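Listed below are the residues making up each chain.
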Amino acid sequence: ITQGLGEDGLPPSGGSATPAYVFEQDDRTKYYILSESETDGPGSSYLVADENSTSIGREKMTATEALANDAAAWHITFDPTTCYYRFQNVGTGRFITYDASGNTFLTTDGETPSPAESFQLMRGRTDVTIGEGENAVAARGYWILHPEKKTHPHCMVAGADGQTATDNFKLKDEEAGQRWLFLNAEQMQAAGNNATAQR
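This section reports on the structure supplied with the text. (Residues numbered from 1 in each chain as written. Predicted model: local features only at pLDDT ≥ 70, side-chain atom pairs only at ≥ 80, totals over all residues. Heavy atoms only, no water.)

Before going further, it helps to spend a moment on the overall build of the protein. Counting its secondary structure elements, the protein contains three helices and 13 strands. The 199 residues of the protein split such that 46% are buried. For the protein, the computed accessible surface area is about 9400 Å², with 46% contributed by carbon and sulfur atoms. (Helix = DSSP H or I, 4+ residues; strand = E, 2+ residues; numbered from the N terminus. Buried < 20%, exposed > 50% of the residue type's maximum accessible area, 1.4 Å probe, protein only. Areas by Shrake-Rupley, 256 points an atom, 1.4 Å probe, with all protein chains shown as cover.)

Next up on the list: the nonpolar core. Core analysis: the biggest nonpolar cluster contains 22 residues, and Phe87, Leu121 and Phe182 have the highest contact counts within it. Going through the elements one at a time, β1 (31-35), β2 (45-49), β4 (74-79), β5 (84-89), β6 (95-99), β9 (137-145) and β12 (179-184) are the ones with two or more residues in this core. The greatest single-element share of this core, amounting to three residues, is contributed by β4. Formed by 16 residues, the second largest nonpolar core is a distinct cluster that contains Tyr32, Tyr46, Met61 and Ala73. (Core = buried A, V, L, I, M, F, W, Y, C linked by side-chain atoms within 4.5 Å.)

We now examine the pairing of strand β11 (residues 164-168). Relative to β11, strand β10 (residues 154-158) runs antiparallel, the two sharing five bridges. Each bridged residue has a counterpart across the sheet, and for Ala158 the counterpart in β11 is Thr164. (Pairing = 2+ DSSP bridges.)

Below, the discussion takes up unusual backbone geometry. Residue Cys83 is not a glycine yet carries a positive backbone phi of 65°. With respect to the helices and strands, Cys83 occurs in the loop between β4 and β5. With phi around 50°, Asn103 is a residue other than glycine that occupies positive phi space. Among the secondary structure elements, Asn103 is positioned in the loop between β6 and β7 (104-108).

Time to look at the packing of aromatic side chains. For the structure shown, the criterion picks out twelve aromatic pairs. Through successive ring pairs, a cluster of aromatic residues spans Phe23, Tyr31, Phe87, Tyr98, Phe105, Phe119, Tyr142 and Phe182. The residue whose ring lies beneath Arg179 is Trp143, and the NZ or CZ to ring-centre distance is 4.8 Å. (Phe/Tyr/Trp six-rings, centres within 6.5 Å; stacked < 30°, edge-to-face > 60°. Lys NZ or Arg CZ within 6 Å of the ring centre and 35° of its normal.)

So, on to the side chain of Gln178. Mapped onto the elements, Gln178 comes out in the loop between β11 and β12. At 2.9 Å, the side chain of Gln178 and the side chain of Trp143 are in polar contact. At a separation of 3.0 Å, a polar atom in the side chain of Gln178 contacts the main-chain amide nitrogen of Lys170. Not counting residues up to four positions away in its chain, the partners in contact with Gln178 are Tyr142, Trp143, Cys155, Met156, Val157, Asp167, Asn168, Phe169 and Lys170. (Polar contact = N/O pair within 3.5 Å; in protein donor to acceptor, adjacent residues only side chain to side chain. Contact = heavy atoms within 4.5 Å.)

What follows is the structure, given as structure tokens:
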């Protein structure tokens, strides 16, 4: 209920929306993360971890290429104690982390996740349809938020030129560049290569 109030723009007074289990994940499943932004090309640009550094960015590839590239695959786990999520890259084993000193989202190779690797997910209000016809896939975008007790916490966004960036959370439908889609292999195969997104 409190998460739903947060999605409606009614968080606790002076604070952020209450975290909750809003994305039904499976610890063993590989997920492929795409920006919801239409200008970024959902279905063709995937969040990828760099094998030689801690940077993360978006790389254009087909669904077939993404499925064959573990640098584009992520395990998403949920901590029921905190109600926060963690993102671990399959190819590198590194977790997404938030670097407060640089106000950036990176990856870390720590074997034991710290609080900096825990994120709150805020679900978008409308579905996005990827693909067309019988193979179309309906998905919901999510904000990836750094936990902060304020109305506009930092979130990971799709930056320019395939980069990721940091912005202050804005609870608006038109802020598609702040939201991310999490697709499993079955959804990727159903949508097909070079699928476009529609609302």
